Number of protein chains: 2
Amino acid sequence: MHIKTRTHTCGALRESDVGAKVTLVGWVHRHRDLGSLIFIDLRDRFGRTQVVIDPKTLPVGHSLGFEYVITVSGEVVRRKDANPQLATGAIEVVAQEVHILSASAVLPFSVADTISGEAHDELRLQYRYLDMRRGPILDNLVLRHRAMMATRAFLDARGFVEVTTPILGKSTPEGARDYLVPSRIYPGSFYALPQSPQLFKQILMIGGLDRYFQIATCFRDEDLRADRQPEFSQIDIEMSFATHEELFPIIESLVQQIFTSCKDATLPSPFPQMSYDTCMELYGTDKPDLRFGMEFIKLNELAMQLPFPVFQEALGNGGIVKGFTVTGGADISRKGIEELTSYVELLGGKGLIWMKLVDGELSSSIRKYVTAENAACWIERLKMQKGDAAFIVAGPVRKTHQLLDHLRRRIARERNYIQAHHFAPLWVTDFPLFAYNEEESRLESEHHPFTCPHLEDLHLLDTAPLKARSSSYDLVLNGYEIASGSQRIHDSALQEKIFLTLGISPEERVNRFGFFIEALRYGTPPHLGIALGFDRLMMILAGTESIRDIVAFPKTQKAQDLMTKAPSQVSEQQLKELKIKI
Amino acid sequence: MHIKTRTHTCGALRESDVGAKVTLVGWVHRHRDLGSLIFIDLRDRFGRTQVVIDPKTLPVGHSLGFEYVITVSGEVVRRKDANPQLATGAIEVVAQEVHILSASAVLPFSVADTISGEAHDELRLQYRYLDMRRGPILDNLVLRHRAMMATRAFLDARGFVEVTTPILGKSTPEGARDYLVPSRIYPGSFYALPQSPQLFKQILMIGGLDRYFQIATCFRDEDLRADRQPEFSQIDIEMSFATHEELFPIIESLVQQIFTSCKDATLPSPFPQMSYDTCMELYGTDKPDLRFGMEFIKLNELAMQLPFPVFQEALGNGGIVKGFTVTGGADISRKGIEELTSYVELLGGKGLIWMKLVDGELSSSIRKYVTAENAACWIERLKMQKGDAAFIVAGPVRKTHQLLDHLRRRIARERNYIQAHHFAPLWVTDFPLFAYNEEESRLESEHHPFTCPHLEDLHLLDTAPLKARSSSYDLVLNGYEIASGSQRIHDSALQEKIFLTLGISPEERVNRFGFFIEALRYGTPPHLGIALGFDRLMMILAGTESIRDIVAFPKTQKAQDLMTKAPSQVSEQQLKELKIKI
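Worth saying up front: this structure is predicted, and the values here are computed from it rather than measured.

Calculation rules
Every residue gets a number counted from 1 within its own chain, in the order that chain's sequence is written. Chains and ligands are labelled by the order in which they are written, letters from A for the one and numbers from 1 for the other. Since the coordinates come from a predicted model, pLDDT governs what is reported: local features require at least 70, and pairs of side-chain atoms require 80 or more to be given and counted, while whole-chain, interface and lining totals use all residues. Computation of side-chain values: all heavy atoms of the structure, hydrogens and water removed. Each pair of strands is called paired provided DSSP finds at least two bridges between the two strands. Strands are runs of DSSP state E lasting at least 2 residues, helices are runs of H or I lasting at least 4, and numbering of each runs from the N terminus. To obtain an axis, a line is fitted to C-alpha atoms, over the contacting stretch when the element is a helix, and the angle between two such axes runs from 0 to 180 degrees between their N-to-C directions. Between two residues, a contact is recorded if the distance between any of their heavy atoms is within 4.5 Å. Buried area is understood as the total, over both parts, of accessible area removed when two parts are fitted together, assessed with a 1.4 Å probe. Salt bridge criterion: a side-chain nitrogen from Lys or Arg within 4 Å of a carboxyl oxygen from Asp or Glu. Charged residues are taken to be Asp, Glu, Lys and Arg, nonpolar residues to be Ala, Val, Leu, Ile, Met, Phe, Trp, Tyr, Cys and Pro, and polar residues to be all remaining types, Gly included. As annotated, the domain borders come from an automatic or database domain assignment. Note on exposure labels: buried denotes an accessible area under 20% of the residue type's maximum, exposed denotes more than 50%, and partly exposed covers the range between, all computed with a 1.4 Å probe on protein chains only. For this overlay, a least-squares fit was computed on C-alpha atoms, restricted to residues scoring pLDDT of at least 70 in both copies. One less than the number of residues in a helix, times 1.5 Å, gives the span that helix is expected to have. Our arc is simply the arc of the directions from the helix axis toward the C-beta atoms. When an angle is under 35 degrees it counts as roughly parallel; over 145 it counts as roughly antiparallel; between 65 and 115 it counts as roughly perpendicular; any other value is oblique. Take the far helix as the reference: if the near one is turned anticlockwise from it by less than a right angle, the crossing is left-handed, and if turned clockwise, right-handed.

Undergrad: It is not clear to me how the sheet that holds strand β4 (residues 69-78) of chain B should be interpreted in this structure. Could you clarify?
TA: Residues and elements named next belong to chain B. Pairing is mixed in the closed barrel, where 5 strands are placed in the order β1-β2-β3-β5-β4. Mean inter-strand twist for the sheet, computed between neighbouring axes without regard to direction, equals 55 degrees. Where strand β2 (residues 38-44) meets strand β3 (residues 47-53), 7 bridges bridge the pair, whose relative direction is antiparallel. Considered in β3, the bridge of R43 is made with R48.

Undergrad: Quick question: what am I supposed to make of the interface of chain B and chain A here?
TA: Accessible area lost upon the coming together of the parts serves often as the stated size of an interface. Across the contact, 120 residues belong to chain B and 120 residues belong to chain A. Across the chain B/chain A interface, buried area totals approximately 10,600 Å², and carbon plus sulfur atoms make up 64% of it. Where chain B meets chain A, there are 10 salt bridges. Here D221(A) and R184(B) are joined by a salt bridge, their closest N and O atoms 3.1 Å apart. The element contributing the most residues to the side of chain B that touches chain A is helix α3 (residues 136-157) of chain B, with 10 residues. Grouping the amino acids of the side of chain B that touches chain A by side-chain chemistry returns 66 nonpolar, 27 polar and 27 charged.

Undergrad: What's the story with the domain arrangement of chain A in this structure? I'm lost.
TA: Segmentation of chain A into domains returns domain 1 (15-102), domain 2 (138-274 + 425-572) and domain 3 (292-414). Computed over C-alpha atoms, the centres of domain 1 of chain A and domain 2 of chain A are 50 Å apart.

Undergrad: Any chance you could explain the pairing of strand β9 (residues 211-219) of chain B here in plain terms?
TA: A regular strand places its side chains on the two faces of the sheet in alternate fashion. All names here are of chain B. Burial runs high along β9: 9 of the 9 residues are buried. Here β9 shows no split at all, with R211, F213, I215, T217 and F219 on one side and Y212, Q214, A216 and C218 on the other all buried. Here β9 runs beside strand β10 (residues 231-240); their pairing, made up of 9 bridges, is antiparallel. Its bridge partner lying in β10, F213 is registered against I237.

Undergrad: It is not clear to me how the relation of the copies chain B and chain A should be interpreted in this structure. Could you clarify?
TA: Each of the two chain copies can be brought onto the other by rotation about an axis and movement along it. By a simple turn and slide, chain B fits onto chain A: the slide is 0.0 Å along the axis, the RMSD is 0.2 Å, and the turn is 180 degrees. When the rotation and shift are considered jointly, the pair of chain copies conforms to a two-fold rotation axis.

Undergrad: Is there a simple way to think about helix α9 (residues 334-346) of chain B in this case?
TA: Since one α-helical turn is 3.6 residues long, residues separated by three or four positions face the same way. All names here are of chain B. The end-to-end C-alpha distance of α9 is 18 Å, a good match for the 18 Å that 13 residues give at a rise of 1.5 Å each. Taken together, the buried positions of α9 are G336, I337, L340, T341, Y343 and V344. Down the axis, α9 shows its buried residues gathered within 155 degrees of arc, on one side only. Across α9 from its buried face, at more than 90 degrees, point the exposed residues R334, K335 and L346. Buried residues along α9 sit in contact with β14 (353-358), β16 (389-395) and α11 (397-414).

Undergrad: Could you clarify how one ought to interpret the pairing of strand β13 (residues 320-326) of chain B in this entry?
TA: Residues and elements named next belong to chain B. Judged by how many residues are buried, β13 sits mostly within the fold: 7 of 7 residues are covered. Every second residue of β13 is oriented toward a common face, with I320, K322, F324 and V326 on one face and V321, G323 and T325 on the other, all of them buried. Here β13 pairs with β16 via 7 bridges, running antiparallel. Opposite K322, over in β16, you have V393 as the bridge partner.

Undergrad: I'm lost on the packing of helix α4 (residues 198-206) of chain B against helix α14 (residues 506-519) of chain B in this one. Help?
TA: Packed helix pairs are specified by the crossing angle of their axes together with the interaxial distance, meaning the distance between the axes. Residue and element names in this part refer to chain B. Orientation of α4 relative to α14, taken along the N-to-C sense of each, is 20 degrees, at an axis distance of 10 Å. The angle between α4 and α14 places the two elements in the roughly parallel class. Considering only the axes of α4 and α14, their crossing is left-handed. Contacts between α4 and α14 involve L199, Q202, I203 and I206 from the first element and F513, F515, F516 and A519 from the second. When the residues that make up the contact of α4 with α14 are grouped by side-chain class, the tally is 7 nonpolar, 1 polar and no charged.

Undergrad: Any chance you could explain the sheet that holds strand β14 (residues 353-358) of chain A here in plain terms?
TA: Strand pairing in a sheet is mediated by backbone hydrogen bonds. Such pairs are either parallel or antiparallel. Residues and elements named next belong to chain A. With antiparallel pairing, 5 strands are arranged side by side in an open sheet as β12-β13-β16-β14-β15. Here the strands that pair on one side only, and so sit at the sheet edges, are β12 (297-298) and β15 (361-364). Sheet topology note: the β14/strand β16 (residues 389-395) ladder contains 4 bridges and is antiparallel. Pairing of I353 across the sheet is with I392, part of β16.

Undergrad: Could you clarify how one ought to interpret the pattern of salt bridges in this entry?
TA: Side chains that carry opposite charge are capable of pairing whenever their charged atoms lie near each other. Residues and elements named next belong to chain B. One pass over the full model with this rule turns up 66 salt bridges over all chains. The salt bridge partner of R291 is D289, with a shortest N-O separation of 2.7 Å. D289 matches R291 in its accessibility class, with the two residues each being buried. A salt bridge links E496 to R509; its shortest N-O distance comes to 3.2 Å.

Undergrad: Help me out: how do you make sense of the environment of L578(B) in this one?
TA: Mapped onto the fold, L578(B) is located in helix α16 (residues 572-578). Each residue touching L578(B), except ones within four places of it in the same chain, is listed here: L180(A), D221(A), P182(B), S183(B) and R184(B).

Undergrad: What should I look at first to understand the packing of helix α3 (residues 136-157) of chain A against helix α5 (residues 244-262) of chain A in this one?
TA: All names here are of chain A. Two elements in contact, α3 and α5, have axes whose closest approach is 9 Å; the angle formed by their N-to-C orientations is 145 degrees. The two elements α3 and α5 cross, and the hand of that crossing is right-handed. Residues L143, R146, A147, A150, T151, F154 and L155 of α3 lie in contact with α5, whose contacting residues are I250, S253, L254, Q257, I258, S261 and C262.

Undergrad: I would appreciate a short explanation of the side chain of R144(B) in the present structure.
TA: By the element assignment, R144(B) lies in helix α3. Accessibility expressed as a relative area gives 6% for R144(B), which makes it buried. The residues touching R144(B), leaving out its near neighbours within four places in the chain, are T164(A), S233(B), F534(B), D535(B), M538(B), I550(B) and V551(B).

Undergrad: Please clarify how the environment of S342(B) should be interpreted in this entry.
TA: Residue and element names in this part refer to chain B. Note on placement: S342 falls in helix α9. When its relative accessible area of 43% is taken as the criterion, S342 is described as partly exposed. Taking the C-alpha atoms as reference, S342 lies 8.7 Å from L352; in sequence the two are 10 residues apart.

This is the structure we're talking about:
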C-alpha cells in the first residue's frame, strides 16, 4: 500500500492556491459521474474539496463509490461556479493521479445526507463511526478536547496538580449503586468503580498535596435518564487551607476560561450568590434559571383576606399561596391558560389561579372574591403593570414550589424569554445538611457525609438536624447544576458524629469508612473542594440536549453499547477463574 | 474554624523577606521545646521554615505535637545560625500568633525520619497519606503531572485530539485476562475493563478523526510483577493517512518534550533504528540497553575449527557460539569470573568461556584447544585490545542469546558502565508477525492481531507464517520497552485472514470482533498508532525501580489496596441485584 503524503487537508485550499500541485486524501462524500467528467466531493474532518476527474485518462474514476478512501494528486484551478457555502468553494482540483486506498461496502445509511428521527437512533449508535463522519459528533469531540485543554492549562497555572486516582476502588455505596468488579485473587471480594474520587482526593489533602485536580471518570449503576451515562466525567478539584472565598473566584475564572476557549461568550463576574433558602423562596428550586425573571411572590397575607376556600384550606393546613407575574402576559389566551392549568394538574396540582391587568381592570379566575380595594393590593403586591398577567398556586410548600418552578420555566420557553448565547451562572449556598428519606425513615446527607456543617449550626446536630445548614455550594448555569462542592469535615470526631446522625452503624462505619476516619486523626488540614459535571458543561457548550452528542462512544438508556454489543456473555473459563456463578 | 490566609508557603521565605509580617500554614515537622523557647520546623509540600515560639506569650506552643496542623503569624528575622541545607535556611519566623487547626494522634511511623526496609512497606501503603508527607511520592506526582501536561500540550499543537474512550467495554480477551463487571440490567452479561483502547481508537480513525490521543487507563488481571499494577496508564496515539516515517519524528519529539519538561536531559535526534533480527544478533534481546557497548560477536566459524567438545556439540545441534568483549575486562578476578559462571549456570546455561588478553598473550578457559595461529584469529574477531576480556557462550540460539543478554547487562552494572542521566533510545522494527505458543500449540500475534503484516511478506501467511514480518515497532529506552505500535490492517479481508491464521474460529471471530471487521468494510483509511507505557516512562524519569513510587494509590502484588482494603466483601443486596453468586 502506497500512501502519498497529503499536502493539504480537504478544508485548506483557497483561491490563492490556484496553480499549486497538491495531494489530498479523504472520503468520497459525493460523486457525479457525467460520463466524460466525474465530479467528486472529497471529505475529511477539516472540510470538503471538489475534485474533477477525466475518466479518459483516469478510468479509476468510474469505480469510485460513496465513502471510498482515495488519494488524489492534481492541480488547483479556479472554479467556474464558485460555491460560497463551502470554505474551499472558490477552487477545485483537477486530478492527475487517483488511487483507491480503501473501498466501501454499501452503507447502512447515507453519510452525505443527514438523517434524523427516533427510528434511526439505534442504527446511528451501531454504526457510530459512520455517524461520526457526518461532522457534528467529531466537532463536539474536538470541542470537548479544547475544553479539557483549557481546564488543565488553567488549573496547572494556579498550582493544581492532576493526580490519577484508582478506578479499581472500594465499595462504599452512598446514594447510587456501585459497579462491582469480582476479584480473582480474593474470591468473594469485589472492587467497585468509583462514583467519585471523593475520599482519594481528601486523602491527597491529608497527604499534603495542597491543590489537586483531575478530569475523572466516574461510574453509577443507575437506571439511566436521557442525560445520564453509566460512566461520566467530572472536573474534580480539592484544595487545602482555603475557604470558599478563595475557591469561588478560581472556579468562576475556570468556567469563563472554558467558555472563552470553546465559545465566544462572556459570563458575569463575579457570579451572583444566593442562599438555598432564598432560591427556594424566589424560584421554588435549588437550580434556578436566571436567564429570565418571574421571581415568586409570597401572597399569604393577601390570600388570608379572601373568602376563597382554596386559599383558606391551603393556609389552614400550613401551606402557602404564591405566584409570579408575566410581563405582557395578558395576551395569553383563554386556551393558553387552559393548557397551563392542565399542565399544573398533570404535575399533581389542584388548579391554577390567573390574574390579568387590562385597561386598569383586574380580571381573574377568582375575581368574585376580590374586592376593589383588595384588587389594588394584589396589583401592587404582584407588581403588575398594564398588560401583565400573574399566575398563582396554593397548597403545601414543597408542592407549590415545584408547580410554580415548572410553570415558570414553561412560560419562559413558550414566550421565548431565553436568548441564545445567554449564560446565567449562580452560586447556591448554605444547603440543608440533611434531607429526610421518607421511604427509609432516616436522615441522609443532602450533599455527602463528608460535608462540613455550618459552624453556627453545630448545636443543631443533636436537637434539630434537619434545620442545620451545611458549608456546601452548587454552581448553577441556565437552570442546570453544573458543579457541587463543600468545605469538608477535617475532624475525625465530627466525622464520626455525622455518620452516627446518619444512622450508619459503628460496624458499617468501620467497614466502609474506617480507613478514612483513621486518616482524619493524623493532622488533617482544613480543605474544601468541588466537582464540575463535565458532560453537562459540554452539553451546554455544544448546545445539545443529549449527552450522546458529546461522548465518543455513548451507551443506551439500558447501558448498552450498540456498536460493540457490550455487555456480553463471557466464557465459562472466565467465570470459573473468578469463582462466581450467575 | 478560622483559617487565616497564608501569605507564603513554607518553602518561600528568603533573606530578602526579613522584616516582613507573614502567615504560614503547615504541619509540625519537628519541634524542640527548650522550655523558654520552642523551635518548630513547619512543613508543607513546598518546603520547611523554622518558627520560633515564646511560650510565655504563646503557651499553645507547649501543646504542639508532631504533624499538628497549625497556622503561624509572625515576623521574618535573620537566623543566627543559617542552615544552608534548607532553601529557607537564612531566616526564621518569630511567632506572634499560633493556632492549632488540627491535632494529630500518635503516628504509626515518623514522617520526619525516613524509614526503609521490607518490614515497613505494608505500613507505608496502609498509611499512604503519611508516607506522602515525606516528600518523594508527592514530588513524583508533581513530576507525573508535568509529564502529562507536556504530553497534552505537545500532541494538541500537532492536531491530535484527546478523546475519552469507555471504561465499561466488551470482553475480547487476547493475551491477558480481563477484569469483568457484571451487568445488572442484563443478568449473565458482563462488561470488561479495557486492556487498551485499541479497537476504539481504530474506530475513531474509521470515523474520520484523523489524529487521536489519550492518556488512557488500562487494566489487566494478571499475577503482578513488581513493576506492574492492575491498572496502568498509557499515552495512546493513532493517526490516519500516515506511515511510520511521519509517526517516528512525532514520538521522538514528544519523548524529548517530556524529558525537557521533567528532567534536564537531551536525547539523540533522530533516534536510531534497528530491525528485530539485528537486535537479536547484536544484543540477544528485542529491548537492548544501548547505554553501553559489548555487542555480541558470532564465533561459529572460529569455534568450528576448535576440537572443543562443547562447541562441536552446540554447532552440531544447530546452535551457536557467541560472545562479547569487555574493554579492560582482564582485571576481572578469578573469583569474579567464577561468580559470572555461576550466574550463567543459575540461568540454565551449561557454562561460560572466558578469554583475556594480557601482555599480548591470550589466556582462556579453553586455551588448550586454541593454537597460536587460531589465537590471533580469535583476538581479531573479538576485537580484543590489550587488557580486554571476552565471554563466550555456546548452545541453542534462543538460550545463548538470553544468557549473553543477562551477562552483558550484569557486567555493565557491576563495572559501572551506566552513567546517570544517560538516555539511549532505540526504535526496534520489523518484528515477527506471529510467535508460536508451545503450550497451546498455536500461533499468536507478536504485537496484536490488528497489526499489518510487512507487505513484502504477505505471501508467507499461508506458507511460512512464522517467517512473516510485521509493520510494527517498539521504542526502547535504556533497555526498557517504553512504547509499542504498528501500522494497522485497514482491509477487512486481510483482517479476517489474520484471525483465521491465528486459529480464531469464525463464531468466536464474530462474537468478539464482528463489529470491528464490519467497520473495516466501510472505507477505512490507512492508519497506524502507538502506545507509550506512561508508568514505565515515569519510573525512568523519577529514577526509581518501583512503580509504586510514581502512582498515587498503588496496589500490592496481590492487587490489594492496603489503605482502603479493596477489594472487599459487598452486601448480599448488591449481589442479589446483579444476580450473581459466589
